[in-house]
Each structure stands twice: as structure tokens, then as C-alpha cells.
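# Close look at the chain arrangement
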Amino acid sequence: MNYLSTNMPAPVPDIDDAPFWEAAARQRLVFQRCGSCKTHRHPPSPMCPICQSTRSEWTEAPPRGQLFSYTVTHVAPHPELRDRTPYVVALVCFPTLDNVRIVTNIVDAAPEDLKIGVEVELAWEPIGAEMWAPRFKIVRGPR
Ligand code: ZN
């Protein structure tokens, strides 16, 4: 069973984040990087917030990141999520990519098992219509 319901409204890619969702459909997590100063950013945007360049490129993220922050949702904001509470909404960061962060879910852990800074790895889940969502699970055992 998926962590969240697959009956949720699907993302609607736009001109800025279409490459992100196209890569996700192949289960590759990519982040936008400035074509001038090379700073990573997320979510995708038309202009670099550091140097205002409109040039950009995409880089693939490593399979592991760090839990930067999280919250536990107890009250479902959508009817399709009522049977999934409590669930974890997390920020995962990638230190090797300018600490770029992504909003995601941690799929395999009870909320009390989560600790800021713990290593997490990608755990892709289908979200319907040939789309995949990058979710994460805690890396357990020896590294
Ligand atoms: Zn820049």
C-alpha cells in the first residue's frame, strides 16, 4: 500500500518543474541548478535567487539525504488522507547539493523513530498516471 492515497489530485507540471516530474517518472530525483553560479534550488523557478541568472540545468541527486525537519500530521487536510493519519511530512536536505531541500514523506518509520539529521534514502512510490513521487525511508544498519 502506498504511504499516501493514490486518489489524491496529481501534480500538474508547469514550464518550470516539468523536467523534475519527467525525471521522477523514471525514478530519478533531479534538482535545478543555476547555469551561471551553479547553486542548486528547489522548487524549480525561472530565475536564480542568488545571481538572478535565467540559465539553468538539472543535476541528479544522490540516493541518500538527511532528515532536515518534519512534522506529524494528525488531522487530514484531504478526505483521501483520513485513513492515513498520523503521517509524516518531512524536509529532506542534500548537503552535497548546496543543502537543497525537498518536501516529502518518510514512509517506513513511526513518528517516534524520527531524529533530525538521520540519513534517509529514496523510496519511490507511484502516484498514478505514470507519475512517481520521491519519498524516503530511514537508512538502518551499517552504512
Ligand atoms: Zn545563480
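For the structure, see preceding data.
Quick summary incoming for the structure in this document. Here the structure is a predicted model, which means the values were calculated and not measured.

A separate point is the environment of Ala61. Relative to the assigned elements, Ala61 resides in the loop between β3 (56-60) and β4 (64-73). On the basis of relative accessible area, Ala61 is assigned to the buried category, the value being 9%. Along the sequence, Ala61 and Leu122 sit 61 residues apart, while their C-alpha atoms lie 9.9 Å from each other. In contact with Ala61, other than residues within four places in its own chain, are Leu29, Val30, Phe31, Phe94 and Leu97.

Right, let's get into the coordination of the zinc ion. Listed as protein donors to the zinc ion are Cys34 (SG), Cys37 (SG), Cys48 (SG) and Cys51 (SG); their distances from the metal cover 2.3 to 2.4 Å. In the primary structure, the donors to the zinc ion are separated according to the pattern C-x2-C-x10-C-x2-C. Here Cys48 lies in the loop between β2 (40-41) and β3 and Cys37 lies in the loop between β1 (30-34) and β2, a separation of 11 residues in the sequence. Here Cys37 falls in the partly exposed class, since its relative accessible area comes to 32%. On the basis of relative accessible area, Cys48 is assigned to the buried category, the value being 2%.

We now examine the side chain of Asn2. Locating Asn2 in the fold gives a position in the segment before α1 (18-24). Using a relative accessible area of 16% as the deciding quantity, one classes Asn2 as buried. Among the polar contacts listed, one links the side chain of Asn2 to the backbone oxygen of Pro126, at a separation of 2.5 Å. With residues up to four places along the chain from it excluded, the contact list for Asn2 reads Arg84, Glu125 and Pro126.

Now for the nonpolar core. Grouped together as the largest cluster of nonpolar side chains are 29 residues, with contacts concentrated most on Leu29, Phe31, Phe94, Ile102, Ile106 and Phe136. Those elements that place two or more of their residues in this core are α1, β5 (87-94), β6 (100-105), β7 (119-122) and β10 (136-138). With five residues, the top contributor of residues to this core is β5. Dropping the residues within four chain positions of it, Phe31 is found in contact with His40, Arg41, His42, Glu57, Trp58, Thr59, Ala61, Phe94, Leu97, Val100 and Ile102.

Once that is clear, we can look at the sheet that holds β4. Note on sheets: strands pair through backbone hydrogen bonds, and any given pair is parallel or antiparallel. The strand order β6-β5-β4-β7-β10 describes an open sheet built from five strands, whose pairing is antiparallel. Where the open sheet ends on each side, the last strands, each with one partner, are β6 and β10. Geometrically, the sheet is characterised by an average inter-axis angle of 45 degrees between neighbouring strands, direction not taken into account.

Okay, the layout of surface pockets next. Using a probe with the size of a water molecule, rolled over the atoms, empty space left in the structure can be pinpointed. When its volume is computed, the largest pocket comes out at roughly 590 Å³. Contributing to the lining of the largest pocket are 27 residues, with Pro11, Trp21, Val103, Ala133 and Arg135 lying nearest its centre. Residue assignment for the lining of the largest pocket shows that the elements contributing at least two residues are α1, β5 and β6. The element best represented in the lining of the largest pocket is β6, accounting for five residues. Here the residues of the lining of the largest pocket sort into 19 nonpolar, five polar and three charged.

The rules behind the values
- Residues numbered from 1 in each chain as written.
- Predicted model: local features only at pLDDT ≥ 70, side-chain atom pairs only at ≥ 80, totals over all residues.
- Heavy atoms only, no water.
- Helix = DSSP H or I, 4+ residues; strand = E, 2+ residues; numbered from the N terminus.
- Buried < 20%, exposed > 50% of the residue type's maximum accessible area, 1.4 Å probe, protein only.
- Contact = heavy atoms within 4.5 Å.
- Donors = N, O, S within 2.8 Å, 3.2 Å for Na, K, Ca; no water.
- Polar contact = N/O pair within 3.5 Å; in protein donor to acceptor, adjacent residues only side chain to side chain.
- Core = buried A, V, L, I, M, F, W, Y, C linked by side-chain atoms within 4.5 Å.
- Pairing = 2+ DSSP bridges.
- Axes fitted to C-alpha atoms, helices over the stretch in contact; angles between N-to-C directions.
- 1 Å grid on protein atoms, 1.4 Å probe; cavity = no way out; pocket = protein on both sides within 12 Å on 5 of 7 lines; lining within 4 Å.
- Points joined across faces, edges and corners; volume = space filled by probe spheres on them.
- Nonpolar A, V, L, I, M, F, W, Y, C, P; charged D, E, K, R; others polar.

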